[in-house]
Amino acid sequence: IQFRIHPRVFAALGADLVTNDIVAVIELVKNSYDAFATRVDVVFGSDSKGPYIDIVDNGSGMNRETLEDAWCVVATPFRKTHPVSSKAKMTRRVAGEKGLGRLSAARLGRQFEMLTKAANEPSWLVTVDWVDLSNEQALAACFADCRQYPGETPFPDTGTRVRIRGLTSDWDQEQILDLRENLGRLLSPFSGIEDFSIFLTSPASNPTDTRLRISAPEFLNKPPYAIRGHVTPDGTLHARYEHNPLTRGKRRQESITRKWSDIIEGSELATRLKSDGPHCGPFDFEIRAWDLGQDDTKEIAEQFEVAKGHIRKAIRSHKGIAVYRDNILVLPKSDDTRDWLGLDLRRVSRVGTRLSTSQVVGYVSIGAEANGSIEDTSDREGLTLNAPVLAFQELLKAIVYTLELERDIDRLKPSQEPRLQALLEGVSASDLVEEMTGLAEDGAASEDAVHRVQAFSARLDVVRKTLASRFVYYSRLATVGTIAQMLVHEIRNRTTAIGRFLRRSHDRRANPQGPDFERELHLAEAAVQALEQLADTFSPLASRNFRRGRRHSVIEESLDRCISLLGGDSKHFGISLTRPKPGATTVALDPGELDTIILNLLLNAVYWISQSQRSPSLEIGLRRVRGAGTVHLSISDSGPGVRDDDAERIFLPGFTRRPTGIGMGLTVAAELVSEHGGTLSLSQPGQLGGATFVVELPLRVSP
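Along each chain, residue indices are assigned from 1 in the same order as the chain's sequence is written. Where totals are concerned, whole chains, interfaces and linings use all residues; where local detail is concerned, this predicted model gives features only for residues with pLDDT of at least 70, and gives and counts side-chain atom pairs only at 80 or more. Side-chain numbers here rest on the full set of heavy atoms in the structure, without hydrogens or water.

**Overview of the sheet that holds strand S11 (residues 225-231)**
Then comes step 1: Think of it this way: DSSP has to see at least two bridges between two strands before they count as a pair. Strands are runs of DSSP state E lasting at least 2 residues, helices are runs of H or I lasting at least 4, and numbering of each runs from the N terminus. Taken in spatial order, the 7 strands of this open sheet run S13-S12-S11-S14-S17-S15-S16, and their pairing is mixed. For this open sheet the edge positions go to strand S13 (252-258) and strand S16 (328-331), each flanked by a neighbour on one side alone. With strand direction ignored, the average angle separating the axes of adjacent strands in the sheet is 20 degrees.
Then comes step 2: Of the pairings in the sheet, the one linking S11 to strand S12 (residues 237-243) comprises 7 bridges and is antiparallel in character. What sits directly across from Ile-227, in S12, is Tyr-241.
Then comes step 3: On top of the sheet, helix H12 (residues 387-411) reaches S11, S12, S13, strand S14 (283-289), strand S15 (320-325) and strand S17 (360-366); it is set at about 145 degrees to S11, its chief contact. To get an axis, fit a line to the C-alpha atoms, keeping to the stretch in contact for a helix; angles then go from 0 to 180 degrees between the N-to-C directions. Every residue pair with non-hydrogen atoms within 4.5 Å of one another is taken to be in contact.

**Observations concerning the environment of Ala-138**
Then comes step 1: Following the sequence through the fold, Ala-138 ends up in the loop between helix H6 (130-135) and strand S7 (145-149).
Then comes step 2: Sequence-wise, Ala-138 and Arg-8 are 130 residues apart; in three dimensions their C-alpha atoms are separated by 9.3 Å.

**A word on the pairing of strand S22 (residues 630-637)**
Then comes step 1: Burial classes: relative accessible area under 20% of the type maximum marks a residue as buried, over 50% as exposed, and values in between as partly exposed (1.4 Å probe, protein chains only). Taken across its 8 residues, S22 has 8 buried, putting it largely inside the fold.
Then comes step 2: Because side chains alternate across S22, one face comprises the buried residues Thr-630, His-632, Ser-634 and Ser-636, and the other comprises Val-631, Leu-633, Ile-635 and Asp-637, equally buried.
Then comes step 3: By the bridge criterion, 8 bridges tie strand S21 (residues 617-625) to S22 in an arrangement that is antiparallel. Paired with Leu-618 across the bridge in S22 is Asp-637.
Then comes step 4: Counting the residues between successive antiparallel strands, the hairpin from S21 to S22 contains 4 residues, one of them, Gly-627, with a positive phi of roughly 80 degrees.
Then comes step 5: By the bridge criterion, 7 bridges tie S22 to strand S24 (residues 692-698) in an arrangement that is antiparallel. In the strand pairing of S24, Val-631 is matched with Leu-697.

**Structural notes on the environment of Ser-46**
Then comes step 1: Structurally, Ser-46 can be placed in strand S1 (residues 39-47).
Then comes step 2: Once the C-alpha coordinates of Ser-46 and Pro-203 are considered, the two residues, 157 residues apart in sequence, prove to be 8.0 Å apart.

**Quick notes on the sheet that holds strand S23 (residues 679-683)**
Then comes step 1: Strand order in the open sheet formed by 5 strands is S19-S21-S22-S24-S23, with mixed pairing between adjacent strands. Bordering the open sheet on either side are strand S19 (576-578) and S23, each of which pairs with just one other strand. Strand-to-strand, the axes of this sheet are offset by a mean angle of 15 degrees, without reference to chain direction.
Then comes step 2: Note that S23 and S24 share 5 bridges and pair antiparallel. Note that in S24 the partner of Ser-681 across the bridge is Val-694.

By themselves, these observations are geometric and do not establish any function.
Structure follows, in structure tokens:
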């Protein structure tokens, strides 16, 4: 049965496929760019026949043959087979290749009229009524009316004018302004293209003052936070972060390199992405970010002498991360798709400091040849989801996340995040009682007492909000995150042994003399015992009736459990491990709590060892402090160590240098140790050249 296509395809591909009027206009302007125009005029006009939209360019134009063999062929491969246009020994990589862009005119209005002229050729007038075309019964009856045009043309030499009537939308000034902003983003700021200009004229415009040359406010070129760089074909990220405060604070620069394997580690898409590289091709990027609090916008307004209201508006008109292919905008082409990367949803769904789309202006540069797997969807408002595109998005999220981490370092001051004990001291009313007693003895007026109480109440509000925020971190991340990591790791390891034994059992039924059955049986039994022990360790923490002090721990036994959990990582990185001799050093901590502390420190050490060029080494020390009734547990690694300016921040919630970290490991460990009367400290320089963390815990007093 032969395929046939009904003429309704013109409505489906035109009016329905392109879902946004602004995108439809942009597609027609891109056609002018592909025709090597240096100037395009978008005109909203009106005459005796009613309102119309004109797109007029001075490009190469079309002759009769091109009209018949390319323009009138739906989904023509012409641009696919001719990816470069040329004029006067100059070339451009074309922006379109699907052969559908011109059908977006059907989205804008019913009547289509095109006047076009190629060099040394007559002018041609092409007219189409999209509704009449769609109402035909067969493609054989579908024609575009093409006639030689005898009159004068608006072109000095060559060009094309598309005029659309019977408009489907009433273009108000707000929509035209939206179009202006999006047309202003059509060319990549990376391109340096100076030979393509867009003019926009609306009924209320002054035609002599409508040139659309990207001219961002000065402050947009001087962001307080920025990250720029490139990604190589194998997925290695090379970036440079810059912090340039306007008036206060220290300027800082940071060079960052991250491997593809580190970027996809822990990603939900890790199983769908290839570990040998992203396969999306190399690309360049630059992402800028701003704080938009009242003090921040006031500072920008004063520094650059602009109205505060214009600051958010300027950032909003450029907001989001824009992708350019061969210097032409791929997405987003409208406000509806500014958050195509999902930054706002990510910001809501994750605890911590995250950037929203309205705080970010970003540019990404790709190429049709270098990034051939990154294709935009037919509606021009998204990317076709495949493994390379998912990897591309994952890389961009990693870049944004890196920017957030560095920004947090410059925004977060140690004094802004008091330790929990200091916060709890702020809840005490003893100072207030003393003040009230003193006022009463001095015969002070009641107004003085009211002011003191109001000040105390305000201080309590601050403490309450801070505590609420802190415990959100703890409840969502601390216990759940650490224990879940341990459980997942252990269950996977142990079920492997159980599964292997079950397979061996099935084999033994078929072959009773099969080898290694007894060994596999012992391994499976050990796996079950390990899972039961794990459940015994953490089940009290999951109970509402959990009370500290009911159980105690032996440090050496806890080290055994935690080291066994990290056995795979230790082997993978070839880590040389030195540990204490067997013993029974007992402390008054619940085993689940002690395991949480030690596991966090070991996970931290293993990660930083993997990031260092030194010989991979991990040393665990244990010694009793004579006369103090305490024990020192030290964990030293051969990693890069802790930077001097990070030493005061590493125990603060949310601070991390790990790309996939959440910044709670050391915070949780420090608070647990503190609650049992101990301390967790950083010793600089470390014993192995990296970091050394020392846990001091009180020994359990025998009853």
